[in-house]
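# Architecture at a glance
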Amino acid sequence: MGSREHILLLLLLLPVLLMQVNIVNSFQQDNDDLTNQIKGERHRPLRRFKRRWIITTLDLQEEDTGPFPKFVGELFNNMSENMTLMYLISGPGVDELPEVGLFSVEDNENGRIYVHRPVDRETTPSFVVRFDVADRATGKIVDKSLFFNIRISDINDHAPQFLKEEVNITIKENQEAGRPVFQMLAVDLDQKNTPNSEVLYSLISQTPSQKGGGFQVDALSGDIRLSGCLDYETAPLYMLLIGARDCGEPPLSSTSTVHVHVQDSNNHRPAFTQDSYKVKIPEGRPIHGVLCLLVRDQDSPSTSSWRAKFNITRGNEKGHFDIVTDPETNGGILSVIKPLDYETLPSRTLVISVQNEEPLFLCEGGELEWPAESGASATVTVEVTDANDSPAFHPSTVIVSGEDGAGPGLLLGIFNATDPDGMSSHVSYKLVHDPAHWVTVDEDSGVVTTKRQIDRESPHVEDSFYTIVVHAIDDGFPPQTGTGTMMLFLSDINDNAPVLRYPHLEVCESAVGEPLLIEADDPDLEPYSSPFSFELDAVPGSMGDTWTLGKSWGRSAELLMARRLLPGNYSVPLRIADQQGLSRKQTVHVQVCSCPGGLTCAQLEAVHARAVLPMGVLVPGCVALVILAAALLSLLQCHFANESKRHHVSIPHEDGIQTLMTYNEESKVIPTQVMKEMLPLTARTAGQLYRALGKTLSDIEELEDQPLDLLHVYSEEGAYERAETLSSLSFTDQDLPPDLLESLGSKSAPLEAIYSKSGGFA
């Protein structure tokens, strides 16, 4: 370090050194000043300060016996040198609660304070009293008030008190020693944190007494602890006398009685009344209660330390047996829950153990022990008696397959059942479950063959499986029966075309271009079902300007009205095909409505229905219409019968239109009509039909204008020729007048709809 750096360091330290010198000089000056002041005051006389209260010790003990009034202390104020004073006292204990008139000053002439009766510290431990001095001549207060706290000194006048004079507690027999079982609490109302309120606890007596054990009480906390072990069978109840004593002079005390109820625990092993048992059990069936194993237990009945738990520890590896506890006798009820087989194992030995629900404990040398072996065991020898066993199927369930639509004579499989009793017995087979009546079972061989065509779409088929159940019956006494099951899996073929789900639709006439959803179903499985292909099935050019198809989603497609149509019923022919191209011609019936005011077709029909006359008015009209229909039918029958006689043509009753309906299990219908003869309808006949229909419909119009409560009866007089059926009438459009329907009026609409479906009025 150079000289330059030394100079800088000295310059930095110089202010510090100067400050220390000043502090030392200042301290010395202060000491000199203090010494001079003390020396000066030694030669100066003492001065008396103004306004000084002087009070002696106010010693007041509670429950003082007097005599009263009793002097307790004196106070003095130095203002009395210049004037005659009057001492005043006020506040709690004087003229305020909690006690009035307890303290006073003697004639107000001096500061002597008196108490007039005993004081209870526990009621009022202290009093804050106000002292004042006043000029006796003027009554004016001449000094500041003095507030003095008069404390009442405590004496040991309260003994400790327990919360209850008698206490009942319950502890278990297996309570461990050293742990608190209950805490006693006593309260002393004397001053806290003094010997007068300090409480000590002790066990005064124990009944019954117990050598080497019993109860102890902690002197400070009051905890009751167990020393040693309890024995419920020896002493189920103890009575403890607990004392509480304070440390005052003289000491005061009190007592409380504790009744200790001992709750029985498991300190006795259960034992079987027998070490071994023998039992005979018939084979082939479950049996409840084949044997009752009784046990003894010295613990309290109907407690967890007495209730037994049984377990089969050996010999029940296949779960043939079960054992439960009888709640009444506490014994073990042995049952056969899985049938035994004499041929497999005619005899076996079971080892059954028993223990209590509550763990076992023992007391050794005053300490608890928990032994590993807590129960007993017994052996049961089981002898199985031979019986006629049921035939057994091998296997019990057979799965076979067949093709959907297979005809009679198909071999599906063979049931194989044997009798466990031996080869000499004969087993026969019987069909017990065949809901669709498709199969037969050979009684001797168990061969299963079809006797009718099988159908996978039958309601008796679930998830492509058809269940067949067969019984095998032996020739024993009594005969026994075994059950076998055959699950027939039907592989699907494409034997169903898609079918419309909802063939009737509704649309408003203004909804041009808005799609209608058409949906189809196919009971076949993949790949013989969806996605479907939808197309209009009509003469080219006849439907394109009226109906079109929109998007397709596999099982559904959109049908759109291409132009505005008049309200009415329309038939839209469709052809719907599955993945393999199998299709079927179907018709969607569309009702076009005017939909005034935004109403749908269904809402519009509901409005019309509400506008119809009440039921009481409609009933006569309906009856009249039924009678008219019957009269019209009779009229037509008579008319065509006459025509038939004129042409000398007769149709025998046994000959006529016969409709043959061929059904398979999927309810497909193929109608075949056989016509023996077809009678031509001449122009004369057509004219008569025209006039008859016109007259009848005209009568219906007149009927509507008449009161509805009048019934009209129509009859036809004269001879007529019989026609066997209306189907025997045949005519063409050329045989009818061209204005037939127009002349019939509005009542011809239903006839036109019916005739359109049959192919007429094309």
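Residues numbered from 1 in each chain as written. Predicted model: local features only at pLDDT ≥ 70, side-chain atom pairs only at ≥ 80, totals over all residues. Heavy atoms only, no water.

### What to know about the overall build of the protein
- Looking only at helices and strands, the protein features six helices and 49 strands.
- Taken across its 762 residues, the protein has 35% of its residues classed as buried.
- Sequence-distant contacts in the protein: of pairs separated by 6 or more residues, those separated by 24 or more amount to 67%.
- Of the accessible surface of the protein, which amounts to about 45,600 Å², a share of 54% is contributed by carbon and sulfur atoms. (Helix = DSSP H or I, 4+ residues; strand = E, 2+ residues; numbered from the N terminus. Buried < 20%, exposed > 50% of the residue type's maximum accessible area, 1.4 Å probe, protein only. Contact = heavy atoms within 4.5 Å. Areas by Shrake-Rupley, 256 points an atom, 1.4 Å probe, with all protein chains shown as cover.)

### Focus on the sheet that holds strand β24 (residues 332-336)
- Within the open sheet, the three strands sit side by side as β20-β24-β23. Their pairing is antiparallel. Strands at the two margins of the open sheet, each flanked by one partner only, are β20 (287-293) and β23 (321-325). Across the sheet, the axes of successive neighbouring strands diverge by a mean angle of 30°, strand direction being ignored.
- Here β23 pairs with β24 via five bridges, running antiparallel. Looking across to β24, one finds that T325 is bridged to G332. (Pairing = 2+ DSSP bridges. Axes fitted to C-alpha atoms, helices over the stretch in contact; angles between N-to-C directions.)

### Describing the state of the cysteines
- The tally for this structure, following the rule as stated, stands at two disulfides.
- Each disulfide pairs two cysteine sulfurs, and for C229 the partner residue is C363, the sulfurs being separated by 2.0 Å. Measuring handedness by torsion sign, the sulfur bridge of C229 and C363 sits at about 85° and is right-handed. With C229 in the loop between β15 (223-227) and β16 (237-246) and C363 in strand β26 (residues 362-364), this residue pair connects regions lying 134 residues apart in the sequence.
- Disulfide pairing places C508 opposite C595 at an S-S distance of 2.0 Å. Handedness of the C508-C595 disulfide follows from its S-S torsion of about -90°: it is left-handed. Here C508, found in strand β39 (residues 504-508), pairs with C595, found in the loop between β45 (583-593) and α2 (601-610); they are 87 residues apart in sequence, far enough to count as distant. When sorted by exposure, C508 lands in the same class as C595, which is buried. (Disulfide = S-S within 2.5 Å.)

### Some details on the pattern of salt bridges
- Inspection of the entire model under this criterion finds 13 salt bridges.
- Salt-bridge contacts for R307 lead to E357; the nearest nitrogen and oxygen are separated by 3.2 Å. Here R307, found in the loop between β21 (295-296) and β22 (308-314), pairs with E357, found in the loop between β25 (347-356) and β26; they are 50 residues apart in sequence, far enough to count as distant.
- A salt bridge links R456 to E457, with the shortest nitrogen-to-oxygen separation between them at 2.9 Å. For the pair shown, R456 and E457 are each scored as buried.
- Among the ionic contacts, a cluster of salt bridges with common partners joins R501, E519, D521 and R555. (Salt bridge = Lys/Arg side-chain N within 4 Å of Asp/Glu carboxyl O.)

### Some points on the pairing of strand β44 (residues 568-577)
- Taken together, the four bridges between strand β41 (residues 533-536) and β44 define a ladder with antiparallel strand orientation. Residue pairing across strands places F534 opposite I576, the latter belonging to β44.
- Bridge count for β44 against β45 is 10 bridges, and the pairing is antiparallel. Of the residues in β45, the one forming a bridge with I576 is R584.
- A loop of five residues connects β44 with β45, the two strands running antiparallel in sequence, and G581 in this loop sits at a positive phi of about 90°.

### Quick notes on the environment of D157
- Examined against the element boundaries, D157 turns out to sit in the loop between β8 (146-153) and β9 (161-162).
- Look at D157 and you get partly exposed, because its relative accessible area is 27%.
- Separated by 95 residues in sequence, D157 and E62 have C-alpha atoms that sit 9.3 Å apart.
- In this structure, D157 is in contact with E62, E63, D120, E122, D190 and L252, ignoring residues within four places of it in sequence.
- Side-chain polar atoms of D157 contact the side chain of H158, separated by 2.8 Å. (Polar contact = N/O pair within 3.5 Å; in protein donor to acceptor, adjacent residues only side chain to side chain.)

### Concerning the sheet that holds strand β42 (residues 547-552)
- Within the open sheet, the four strands sit side by side as β38-β40-β43-β42. Their pairing is antiparallel. In this open sheet, the two edge strands, each paired with only one partner strand, are β38 (499-500) and β42.
- One ladder, built from two bridges, connects β38 with strand β40 (residues 515-521); its direction is antiparallel. Residue pairing for β40: V499 is matched across the bridge by D521.

### Here we look at the side chain of R348
- Along the chain, R348 turns up in strand β25.
- Buried charge R348 goes without a salt bridge, the closest partner of opposite sign being E317 at 7.2 Å.
- Residues contacting R348, with those up to four places away along its chain left out, are G315, H320, F321, L340, V380, T381 and V382. (Lys, Arg positive; Asp, Glu negative; His and termini not counted.)

### Notes on unusual backbone geometry
- Note the cis peptide between L97 and P98, where omega equals 20°.
- Here the amide bond leading from S530 into P531 is cis, since omega sits at 5°, within 30 degrees of zero.
- In this model, H437 sits at a positive phi of 55°, which is unusual for a non-glycine residue.
- Topologically, H437 is positioned in the loop between β33 (428-433) and β34 (439-441).
- H437 sits in the partly exposed class, given a relative accessible area of 48%.
- Here D463, not a glycine, exhibits a phi torsion of approximately 55°, which is positive.
- As for its position among the elements, D463 is in the loop between β35 (447-450) and β36 (465-473).
- Judged by its relative accessible area of 66%, D463 falls in the exposed class.

### Looking at the confidence of the model for the protein
- When pLDDT is averaged across the protein, the result is 75; 70% of the residues are at 70 or more.
- Residue range residues 11-51 is modelled with pLDDT below 50. Its contacts to residues more than four positions away, or to other chains, number six contacts. (pLDDT = per-residue confidence, 0-100.)

### Looking at the environment of Y570
- When you line up the elements, Y570 lands in strand β44.
- Separated by 17 residues in sequence, Y570 and T587 place their C-alpha atoms 9.7 Å apart.
- Every residue in contact with Y570, bar those within four places of it in the chain, is listed here: W547, L565, V588, H589, V590 and V592.
- Within the local environment of Y570, its side chain forms a polar contact with the backbone oxygen of L566, the two atoms lying 2.7 Å apart.

### What about the nonpolar core?
- Ranked by size, the top nonpolar core spans 24 residues in total, and within it F272, I281, L293, F321, L334, I352 and V380 carry the most contacts.
- Only β19 (276-282), β20, β22, β23, β24, β25 and β28 (376-385) provide two or more residues apiece to this core. (Core = buried A, V, L, I, M, F, W, Y, C linked by side-chain atoms within 4.5 Å.)

### Section: the side chain of N196
- Inspection of the secondary structure puts N196 in the loop between β12 (186-187) and β13 (199-207).
- If sequence neighbours within four positions are ignored, N196 has contacts with D154, I155, N156, D188, D190, D246, G248 and E249.

### Quick notes on the packing of aromatic side chains
- All chains considered together, the criterion is met by 10 aromatic pairs.
- Relative to F310, the ring of F272 lies with its centre 6.1 Å away and its plane at 50°, an arrangement referred to as tilted. You can see F272 sitting in strand β18 (residues 271-272) and its partner F310 sitting in strand β22, a full 38 residues away along the chain.
- The buried category is assigned to F272, whose relative accessible area is 6%.
- For F310, a relative accessible area of 11% puts it in the buried group.
- Ring geometry for F361 versus W370: centroids 6.1 Å apart, planes at 50°, classification tilted.
- Given the relative accessible area of 2%, F361 is considered buried.
- An aromatic cluster is present here, built from F393, F415 and Y429 joined pairwise through their rings. (Phe/Tyr/Trp six-rings, centres within 6.5 Å; stacked < 30°, edge-to-face > 60°.)

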